[in-house]
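# Summary of structural features
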Amino acid sequence: MTRYIRKVAILGSGVMGSRIACHFANIGVEVLLLDIVPKELTTAEEKSNLTIESPQVRNRIVNEALQAALNSNPSPIYSKSFVQRIKTGNFSDDMSKIADVDWVIEVVIERLDIKQQVFAQVEQFRKPGTLISSNTSGIPIHLMLEGRSDDFKTHFAGTHFFNPPRYLPLLEIIPTTQTSPEVVDFYMQFGSKFLGKKTVLCKDTPAFIANRVGVYSILSLFHAVEEMGLTIDDVDKLTGPVLGRPKSATFRTCDVVGLDTLAMVAAGLKANCPDDEEHTVFELPGFIQTMLNNKWLGSKTKQGFYKKTVSAEGKKEILSLDLKTMEYGPAKKASFPTLEMTKSVDDLKQRTKMLFAGMDKAGEFYRSVFGGLFAYVCNRIPEIADDLYKIDDAIKAGFGWELGPFETWDILGFDAGKQLTVKKGKTLPAWVSEMEAAGCTSFYKVENGKKYYYSQTEKGYRIIPGTEDLIQLEAVRASGKVWGNADTTLVDLGDGILNLEFHTKMNTIGGGVIEGINKSIELAEKDYKGLVISNTGGNFSAGANVGMIFMMAVEQEFDELNFAVKAFQDTMMRVRYCNVPVVVAPHNMALGGGCELSMHADKVVAHAELYMGLVEFGVGLIPGGGGSKEFAKRLSDELKDGDIKINRLRERFLTIGQAKVSTSAQEAFELGYLRKGIDEIVISREHQLTRAKEACLQLADAGYIAPKRIKNVTVLGQEGLGIIYVGANSMLSGHYMSEHDGVISEKLGWVMCGGDLSQNTTVSEQYLLDLERKAFVELCMQRKTLERLESLVKSGKILRN
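What comes next concerns the included structure.

Rules and cut-offs
- Residues numbered from 1 in each chain as written.
- Predicted model: local features only at pLDDT ≥ 70, side-chain atom pairs only at ≥ 80, totals over all residues.
- Heavy atoms only, no water.
- Helix = DSSP H or I, 4+ residues; strand = E, 2+ residues; numbered from the N terminus.
- Rg over C-alpha atoms; globule rule 2.2 N^0.38 Å.
- Buried < 20%, exposed > 50% of the residue type's maximum accessible area, 1.4 Å probe, protein only.
- Contact = heavy atoms within 4.5 Å.
- Areas by Shrake-Rupley, 256 points an atom, 1.4 Å probe, with all protein chains shown as cover.
- Phe/Tyr/Trp six-rings, centres within 6.5 Å; stacked < 30°, edge-to-face > 60°.
- Pairing = 2+ DSSP bridges.
- Axes fitted to C-alpha atoms, helices over the stretch in contact; angles between N-to-C directions.
- Core = buried A, V, L, I, M, F, W, Y, C linked by side-chain atoms within 4.5 Å.
- Salt bridge = Lys/Arg side-chain N within 4 Å of Asp/Glu carboxyl O.
- Parallel < 35°, antiparallel > 145°, perpendicular 65-115°, else oblique.
- Left-handed = near helix turned anticlockwise from the far one by under 90°.
- Nonpolar A, V, L, I, M, F, W, Y, C, P; charged D, E, K, R; others polar.
- Right-handed = clockwise from strand over helix to strand, strands pointing away.
- Expected span 1.5 Å × (residues − 1).
- Patch = residues over 30% accessible without salt bridge, like charges linked within 9 Å, V, L, I, M, F, W, Y side chains within 5 Å.
- Lys, Arg positive; Asp, Glu negative; His and termini not counted.
- Charge placed at Lys NZ, Arg CZ, Asp CG, Glu CD.
- Polar contact = N/O pair within 3.5 Å; in protein donor to acceptor, adjacent residues only side chain to side chain.

### Some remarks on the overall build of the protein chain
For the protein chain, the count of helices and strands is 33 helices and 25 strands. The C-alpha radius of gyration of the protein chain comes to 28 Å, within 12% of the 28 Å expected for a compact globule of 801 residues. Taken over 801 residues, the protein chain has a buried fraction of 56%. Once local pairs closer than 6 in sequence are excluded, the contacts in the protein chain between residues at least 24 apart make up 70%. A total accessible area of about 34,000 Å² is found for the protein chain, and carbon and sulfur atoms account for 52% of it.

Written out as structure tokens, the structure is:
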């Protein structure tokens, strides 16, 4: 049957429930968020002469929980306007309203008896065929079905979101033996395509997949600290970004999650997995028990493995816990020769090989820890999952690892990984030996642009389910390369569409990327239909290469700088006016030049998590790659639609002048970086490139004709400059900006208003580009700008707001 989700009910408005509600609102679904009625009045309610029957009292718990979620940082919602999609109520008065929803999700406290009470109430009002699921993180799913109807059972499953739901992509789907296959398929597909999740099909086993493996990994590290004499600073250095994992690494993550929560999960696994060959790992080390006794639980109690303090001089400090003395002290800088050797290596796969080959304690640590992990995940098949890719997908999406255990093993090589398990004294299951005997010496392989995994049930390689129709750049790259240089790679996506990806540090745009864009357009115009610009990096692009700009400015090579800026501008204009459609697919950070590139595309297919902005003002400059020009052009288009010109000018000016960065793709529309009716948002990162290619092909097949260069941009001249100069002087006199900020403001206003023109005038894009470039170079001559650039380069930040 065809199933649509227009409205959902979320039962329980705690930390998870309120945020799940926000994420459904993010994708356009109406939400009914319910919770219990308070048992007593607050002091404030009593003073206001309210009673327990007053509506604001009865909905106090749910309303306060939702507001707390909306006030949290980072925000759980794409746009404040989306909050209107959420209606609140309570179990006693509003449960009957679930008769109108398409999906009911239970998110109440983790107690089976309470969940069963809620489901009994749901059964009274739920219409047949309505989806029903639980967000439990560990209670066996089948136990929740006692006393439920057959229709309830066939539509029921576990849907385990990870916190925070907007940002962590994992959604574990846990069916029971009675769940309809059609329902399972729907949960998997809807979660992936519409909620933007990495949906992983799990078995109904303790802690499912991600927490089973993730908590084992954390507990094994706890024991390694004692065995190897490491500090928590050492382990967090070894298990953070250098390994392709979050900055919070191990112990900082534990502080955020809460040591009590971690201990509870570990105790549950120890009790419920008696046959787990590593069940002793789930025994808490002595230092953990001491911390639990002292209520050092992490962020929630203001101290855990780390503790924030203020020194006698008033300086904020972060202290770390010495696990031998159980006393806090200044964090000790972790230093290992192996890590020093890998500092300049950006490629994670290459870096991983170096880490494991290290001859110091760091190398010993990696070999020991992963020897145990490799064996553990192999032995969990088929207990928690029949297929190995599910374990990799779950741990990556749920814990933020860039590489799953089996992917890491493939990087090291089959024999090398196997030897680590042998040295650790671990036993591998029979299916690994069968795999080796069959001549299959990698867990994954790429063939014909698709990624395959080794199936222990099929005794051979199978394409990863759900990826049959998706474009995976990593897989295409292996066989579809058309051209490349040190900074870019151009691949053939098929059907006449090319894709250009950057692979500089943070995907910054320098000479190599500019060459890549021009060469890609040249080849596309000659032999292909269109071009997509996307990449698999952590960020789409952090902007122009500030180091290059700084060096030219310091050396006073202003002619060369002018030439470089013009080359950037010309390249953006070539993106806009070439003979084939260009679609840009940005994700995460698209700042400065990355934003300008997007603004010049025929179409942007943006990932929902998009942090886009023209941030040059923060380093003493204005957008110089066509961004200032483009805002002037878009202002002109708005004036033609009858907008009040001075108000619109002020809004456009402040967006650049305050270096505003969107917190979502939706907000990028609101800030004017993306265009309504032209650009679009894709919730799923996994589907983004596929959709971008499809959009490019649609433009091409519709008979794409290069647009004509625009020569009728209306600028406001002195009328607009007057407003900007008065505003800047007012800010300056009120000490809200520095003198140098005043200079930058005047330069930006000069460009956006078309210079000192006596009246509203129409000018060409090239006229504005020339003004923009002149202002950019002149600002590079300013001492204050050089100081800001120098500070930025030294700090390692690149055009970051």
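Let's pick the thread back up.
### Considerations on the packing of aromatic side chains
Applying the stated rule across the entire model yields 33 aromatic pairs. Ring centres of W103 and Y187 lie 5.2 Å apart, and the angle between their planes is 50°; this geometry places the pair in the tilted category. Taken together, the residues W103 in strand β4 (residues 103-106) and Y187 in helix α8 (residues 181-193) connect sequence positions 84 residues apart. Judged by relative accessible area, which is 1%, Y187 ranks as buried. When the centroid spacing of 5.7 Å and the interplanar angle of 35° are considered together, the rings of F631 and Y673 count as tilted. Highlighted residues: F631 in helix α26 (residues 627-640) and Y673 in the loop between α28 (665-670) and β23 (680-682), separated in sequence by 42 residues.

### Concerning the sheet that holds strand β19 (residues 582-584)
The seven strands lie next to each other as β15-β16-β17-β18-β19-β21-β23, forming an open sheet whose pairing is mixed. The sheet terminates laterally at β15 (481-484) and β23, the two strands that pair on one side only. Averaged over all adjacent pairs, the angle separating strand axes in this sheet is 25°, with direction ignored. Bridge count for strand β17 (residues 497-502) against strand β18 (residues 530-533) is four bridges, and the pairing is parallel. Each residue of the ladder has a partner; that of L500, found in β18, is I533. Strands in contact with helix α22 (residues 511-527) are β15, β16 (488-494), β17 and β18; relative to β17, the strand with the most contacts, it is inclined by about 175°.

### With respect to unusual backbone geometry
Here N163 and P164 are connected by a cis peptide whose omega angle stands at 0°. Assignment of secondary structure puts P164 in the loop between β6 (156-161) and β7 (170-175). Its identity is not glycine, yet N49 carries a phi of approximately 60°, on the positive side. For N49, the location among the structural elements is in the loop between α2 (43-47) and α3 (55-58). Of note in this structure, F208 is not a glycine but carries a positive phi near 60°. Summarising the element assignment, F208 is placed in the loop between β8 (198-201) and α9 (210-228).

### Considering the nonpolar core
F222, F305, Y366, F406 and W431 are the most contacted members of the largest nonpolar core, which has 112 residues in total. Discounting chain neighbours no more than four positions away, the residues touching Y366 are L238, V242, L243, L339, L355, F356 and G371.

### Overview of the environment of N59
Of note, N59 is situated in the loop between α3 and α4 (60-71). Of the residues examined, N59 reaches a relative accessible area of 15% and is grouped as buried. In sequence terms N59 and A632 are 573 residues apart; their C-alpha atoms lie 48 Å from each other.

### What to know about the pattern of salt bridges
Any two side chains of opposite charge can pair if their charged atoms end up close together. In total, this model carries 57 salt bridges according to the counting rule given. Through salt bridges with shared partners, one network takes in R212, D276, E277, R380 and E383.

### Considering the packing of α26 against helix α31 (residues 739-752)
For the pair α26 and α31, the least separation of the axes is 9 Å and the interaxial angle reads 50°. On the basis of their axis angle, the class for α26 and α31 is oblique. For the element pair α26 and α31, the recorded crossing hand is right-handed. For the pair α26 and α31, the contacting residues are S628, F631 and A632 in the first and L748, V751 and M752 in the second. Here the contact of α26 with α31 is built from residues that sort into five nonpolar, one polar and no charged.

### Comments concerning the sheet that holds strand β9 (residues 306-310)
Strand pairing in a sheet takes place through backbone hydrogen bonds and is either antiparallel or parallel in direction. The strand order across the open sheet formed by three strands is β9-β10-β11, and the pairing between neighbours is antiparallel. With one partner strand each, in any of the chains shown, β9 and β11 (327-330) form the two edges of the open sheet. The sheet shows a mean angle of 40° between the axes of neighbouring strands, taken without regard to direction. Across four bridges, the pairing between strand β10 (residues 316-322) and β11 is antiparallel. Along β11, the bridge assignment pairs L319 with P330.

### Regarding the packing of α22 against helix α24 (residues 558-577)
In a packed pair of helices, the relevant descriptors are the angle between the two axes and the axis-to-axis distance. As a packed pair, α22 and α24 sit with axes 10 Å apart at the nearest point and diverge in direction by 30°. The orientation of α22 with respect to α24, classified from their angle, is roughly parallel. The hand of the α22/α24 crossing is left-handed. Where α22 abuts α24, its residues I514, I517, N518, I521, E522 and E525 lie against A567, F568, T571, M572, R574 and V575. Residue composition of the contact of α22 with α24, by class: seven nonpolar, two polar and three charged.

### A word on the pairing of strand β1 (residues 7-11)
Judged by how many residues are buried, β1 sits mostly within the fold: four of five residues are covered. Following the backbone out of β1, through helix α1 (residues 15-26) and into the adjacent parallel strand β2 (residues 30-35), one traces a crossover that is right-handed. Across four bridges, the pairing between β1 and β4 is parallel. Residue pairing across strands places A9 opposite V104, the latter belonging to β4.

### Overview of α22
With 17 residues, α22 should cover 24 Å at 1.5 Å per step; its first-to-last C-alpha distance of 24 Å lies within 8% of that length. Buried within α22 are the following residues: G512, V513, I514, G516, I517, S520, I521, L523 and A524.

### Points about a positive patch on the surface
A surface patch of like charges, here positive, comprises R252, K302, K308 and K316. Locating R252 in the fold gives a position in helix α11 (residues 251-257). Residue classification places R252 among the partly exposed residues on the basis of a relative accessible area of 32%.

### Description of a negative patch on the surface
On the surface, E555, E557, D559 and E560 cluster together into a negatively charged patch. Mapped onto the secondary structure, E557 falls in the loop between α23 (546-554) and α24. On the basis of relative accessibility, which here comes to 34%, the residue E557 falls in the partly exposed class.

### A closer look at the side chain of S636
Position of S636 relative to the elements: it lies in helix α26. There is a polar contact of 2.8 Å between the side chain of S636 and the backbone nitrogen of T714. In this structure, S636 is in contact with N712, V713 and T714, ignoring residues within four places of it in sequence.

### Points about the environment of L170
Its place among the elements puts L170 in strand β7. As a C-alpha pair, L170 and G398 span 228 residues in sequence and 5.0 Å in three-dimensional space. Filtering out sequence-adjacent residues up to four positions away, L170 remains in contact with H160, F161, F162, K197, K198, V200, A210, A394, A397 and G398.

### Structural notes on helix α18 (residues 405-412)
Across the eight residues that make up α18, a large majority, seven, are buried. Here α18 has its buried residues at P405, F406, E407, T408, W409, I411 and L412. Note on α18: the residue one or two positions beyond its end, G413, has a positive phi of about 105°.

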